[in-house]
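Results of the structural survey
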Amino acid sequence: MKYIIIPEREAVKRLPFYFAVEEHVARTYTHDDFFFAWRVPPTVMLGRNQLIETEVDTAYCEQQGIDIFRRKSGGGCIYADSGCIQFSYISFAENVNDAFCVYMKRIAGLLQSIQVDARLSGRNDILINEQKVAGCAFYKLKGRSVLHNSLLYNTQLEHLSKALTPTKEKLNSKGVSSVRQRVTNVSDYTNMSIENFLEYVQEYMCGTEVLELTDADMKQIEQIEKELLSPDFVYGKNPKYTEVKKKRFADVGTIEARIEIKNEHITDLNLMGDYFLLGDIDNELIQPLKGVAFTREAVTERLKDIDLSSLIRNLEMNQFLRLLFGRPPHTMKPDWLKINLTSKKSSGETAGILARHHMNTICTSGLCPNRTECWAARTATLMIGGDICTRKCKFCNTLTGRPRLLDPNEPRNVAESVKALNLRYAVITSVDRDDLPDFGAAHWINTINAIRELNPETKIELLIPDFMGDKSLIQKVMATQPHVAGHNMETVRRLTPSVRSVATYERSLAVLEEITRCGIQAKTGFMVGLGETHEEILETMDDILKTGCKRLTIGQYLQPTAKHLPVEAYITPQQFVEYKRIALEKGFQRVESGPLVRSSYHAASSE
């Protein structure tokens with residue numbers, strides 16, 4: 001990676017200049033990754049589609065001489081000044097999730113290297129003592145990804161709190177009552193001057209590798225800068241629309257759709273709001289919808305091959321349709337999915353044991369339909385790593401957000417729960433901990449060792465995360481010699497991007513292959529009823545078998561809440577029997593297939 005050296009120029013370098021540098025380098029220099037740090041005079045920076053009137057106190061900005069400019073990327077509105085450092089990162093990364101993970105971990109590592117206790121929260125925030133010091137925005141050009149983030153080093157936070165005017169609803173979603181309450185400066189935690197820090201940043205990120213921009217580069221940059229400086233780009237008036245729809249979605253933001261309709265067909269569309277833009281919505285979402293009938297069915301068909309979450313972070317198809325058309329008609333569950341949730345004495349005893357040992361279970365967080373049956377039999381799938389997941393998959397009801405620190409007592413609590421439940425077969429799973437350097441692998445190992453110490457006769461089955469594909473971490477966990485190790489595919493290849501938030505189909509196959517290579521019995525599972533075809537199910541079975549995995553579970557997807565993916569189809573019990581027959585014929589050795597089957601259903605009885 002090379003550090004960009006920018007020649008001096010007479011004119012003041014304001015925000016649009018640096019965004020022009022980003023865009024020019026991304027389009028012109030495609031042989032390497034690039035990085036540079038920069039600062040601007042007091043400025044409010046709007047996201048690509050944000051409404052100025054709802055985000056900025058323009059009168060205060062004018063009074064204080066604070067510039068207002070807009071960027072081409074999404075994300076929220078921010079305040080920056082000479083005490084706020086901007087970082088630009090231009091890379092080859094194709095997968096935005098991987099780009100965020102790699103880059104933001106490196107920035108967190110940069111702060112940690114100067115003894116600042118910073119940590120990554122989610123994908124694009126960095127916190128010190130639970131207060132935000134950095135956030136990141138993203139946009140994609142052809143073959144290139146551009147990330148830029150702001151680091152509050154010695155920023156005038158009073159200007160920040162008065163210039164920005166987010167809605168109370170937005171503040172409440174962050175768990176704060178004011179902008180100022182949520183942020184802090186790095187300078188409160190280090191004696192290093194901002195100038196010395198900037199020198200350190202260049203060496204830490206790029207060493208001695210540089211790209212020096214030429215006079216020819218500067219001329220092209222000035223042309224891009226003119227567009228970004230223009231009032232039309234910053235303040236451009238929105239045209240009138242015949243329909244205005246507005247809704248706020250958790251983990252997406254507020255989206256306001258302004259739709260022009262003629263003869264019941266969409267002639268134009270604009271999406272405003274505070275959402276986080278990831279891709280080119282003009283060409284990949286809005287243009288394809290022009291001329292389409294304004295009906296739920298027509299829009300669904302037109303967008304069936306488009307992954308909305310790759311354009312607007314966390315946006316799901318059902319949410320976009322709800323924005324345009326409201327709630328869909330409710331689909332009643334068939335009789336075969338009616339569950340007897342009557343509690344029995346033994347199930348209550350199991351719940352009491354789990355509570356006394358402060359245990360989390362996927363039975364509860366995942367709203368498992370079999371929990372009453374399993375708890376009555378004194379079995380449960382224990383969940384480690386806390387109860388908050390760093391990922392937000394569209395099918396899963398586990399809490400998502402900023403995890404707490406790992407509980408050092410949890411391995412012992414798990415072991416004591418296994419002993420109290422008198423389990424001969426224990427199933428352990430975890431939330432995803434992408435915020436940790438080892439993604440939680442060491443905590444897994446400590447937990448397995450603690451179980452073995454107190455329960456030497458108990459067989460242990462694991463349901464592990466993908467550890468971001470790090471084979472060395474998988475090997476370390478497999479070295480504990482579990483009886484079975486599972487990792488779920490969850491769905492077919494085509495649906496994976498719209499169902500899972502970070503995991504990929506190929507990476508999950510690689511995890512299963514590595515489990516098998518380590519000499520451990522591998523297990524996986526997937527859901528049906530999400531819109532997959534019969535041929536895709538057969539293809540998924542074949543892909544799994546190629547990894548060496550011979551244990552399979554197949555179950556019906558059940559929508560946990562209205563904000564999750566809707567059920568596309570309820571698969572009949574007869575079809576599940578057919579899936580089991582096919583799987584066994586293909587070469588699987590153990591198969592659980594049924595409407596209510598989940599990953600660890602009847603795990604012990606299959607031995």
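As the structure is a prediction and not an experimental result, all values here were calculated from the model. (Residues numbered from 1 in each chain as written. Predicted model: local features only at pLDDT ≥ 70, side-chain atom pairs only at ≥ 80, totals over all residues. Heavy atoms only, no water.)

Here we look at the overall build of the protein chain
The helix and strand tally for the protein chain stands at 23 helices and 24 strands. Across the 607 residues that make up the protein chain, the buried fraction comes to 54%. By sequence separation, contacts in the protein chain at least 24 residues apart represent 72% of the contacts at least 6 residues apart. For the protein chain, the computed accessible surface area is about 26800 Å², with 49% contributed by carbon and sulfur atoms. (Helix = DSSP H or I, 4+ residues; strand = E, 2+ residues; numbered from the N terminus. Buried < 20%, exposed > 50% of the residue type's maximum accessible area, 1.4 Å probe, protein only. Contact = heavy atoms within 4.5 Å. Areas by Shrake-Rupley, 256 points an atom, 1.4 Å probe, with all protein chains shown as cover.)

Notes on the pairing of strand β14 (residues 265–273)
Pairing of strand β13 (residues 253–262) with β14 involves eight bridges; the strand directions are antiparallel. Bridge pairing in β14 places Ile 261 opposite Ile 266. Here β13 hands over to β14 after two residues, with Asn 263 in that stretch at a positive phi of 55 degrees. (Pairing = 2+ DSSP bridges.)

Focus: the packing of aromatic side chains
Summed over all chains, the structure comprises twelve aromatic pairs. Arranged with centres 5.7 Å apart and planes meeting at 85 degrees, the rings of Phe 19 and Trp 38 form a pair that is edge-to-face. Residue Phe 19 is found in helix α1 (residues 15–28), and its partner Trp 38 is found in strand β2 (residues 34–38); the two are separated by 19 residues along the sequence. Under the relative-accessibility criterion, Trp 38 is labelled buried at 3%. Considering the side-chain rings of Tyr 200 and Tyr 204, the 5.9 Å spacing of their centres and the 40 degrees angle between planes classify their relative orientation as tilted. Here Tyr 200 and its partner Tyr 204 are both found in helix α8 (residues 194–206), four residues apart, which amounts to about one turn of the helix. Following the ring pairs from residue to residue traces out a cluster consisting of Phe 17, Tyr 18, Phe 19, Phe 36 and Trp 38. A cation over a ring is seen here: Arg 144 above Phe 92, with NZ or CZ 4.5 Å from the ring centre. (Phe/Tyr/Trp six-rings, centres within 6.5 Å; stacked < 30°, edge-to-face > 60°. Lys NZ or Arg CZ within 6 Å of the ring centre and 35° of its normal.)

Comments concerning the nonpolar core
Counting residues in hydrophobic clusters, the biggest one holds 84 residues, and the most contacted among them are Val 44, Phe 87, Tyr 103, Ile 126, Leu 151 and Phe 197. If near-sequence neighbours (up to four positions away) are discounted, Phe 197 is found in contact with Ile 85, Phe 87, Leu 110, Leu 111, Ile 114, Leu 151, Tyr 153 and Met 192. Counting residues in each nonpolar core, the second largest holds 51 residues, with Leu 382, Val 477, Leu 545 and Val 591 among its members. (Core = buried A, V, L, I, M, F, W, Y, C linked by side-chain atoms within 4.5 Å.)

Comments concerning the sheet that holds strand β11 (residues 210–212)
If you walk across this open sheet you meet the eight strands as β7-β8-β9-β10-β6-β2-β1-β11, and the pairing is mixed. Since the sheet does not close on itself, it has two edges, and those belong to β7 (118–121) and β11, each with one partner. Ignoring strand direction, the axes of neighbouring strands in this sheet form an average angle of 25 degrees. Where β7 lies against strand β8 (residues 125–128), four bridges are found, and the strand directions are antiparallel. By the bridge assignment, Ala 118 is partnered in β8 with Ile 128. On top of the sheet, α1 reaches β1 (2–5), β2, β6 (84–91), β9 (131–141), β10 (144–152) and β11; it is set at about 175 degrees to β2, its chief contact. Running over the sheet, α8 touches β1, β2, β6, β10 and β11 and is turned about 15 degrees from β6. (Axes fitted to C-alpha atoms, helices over the stretch in contact; angles between N-to-C directions.)

As for helix α13 (residues 317–325)
Here α13 has its buried residues at Asn 318, Gln 319, Phe 320, Leu 321, Leu 323 and Leu 324. Looking at the buried positions of α13, the neighbouring elements they touch are β12 (243–249), β13, β14, α11 (281–289) and α12 (296–302). Where α13 ends, the next residue or the one after it, Gly 326, has phi of about 85 degrees, a positive value.

Observations concerning the sheet that holds strand β3 (residues 43–46)
Spatially, the three strands line up as an open sheet ordered β4-β3-β5, and their pairing is mixed. At either margin of the open sheet sits one strand with a lone partner, and together these are β4 (67–70) and β5 (78–80). Between one strand and the next, the sheet's axes are offset by a mean angle of 25 degrees, whatever the strand orientation. In terms of strand pairing, β3 meets β4 through four bridges, oriented parallel. Residue pairing across strands places Leu 46 opposite Arg 70, the latter belonging to β4.

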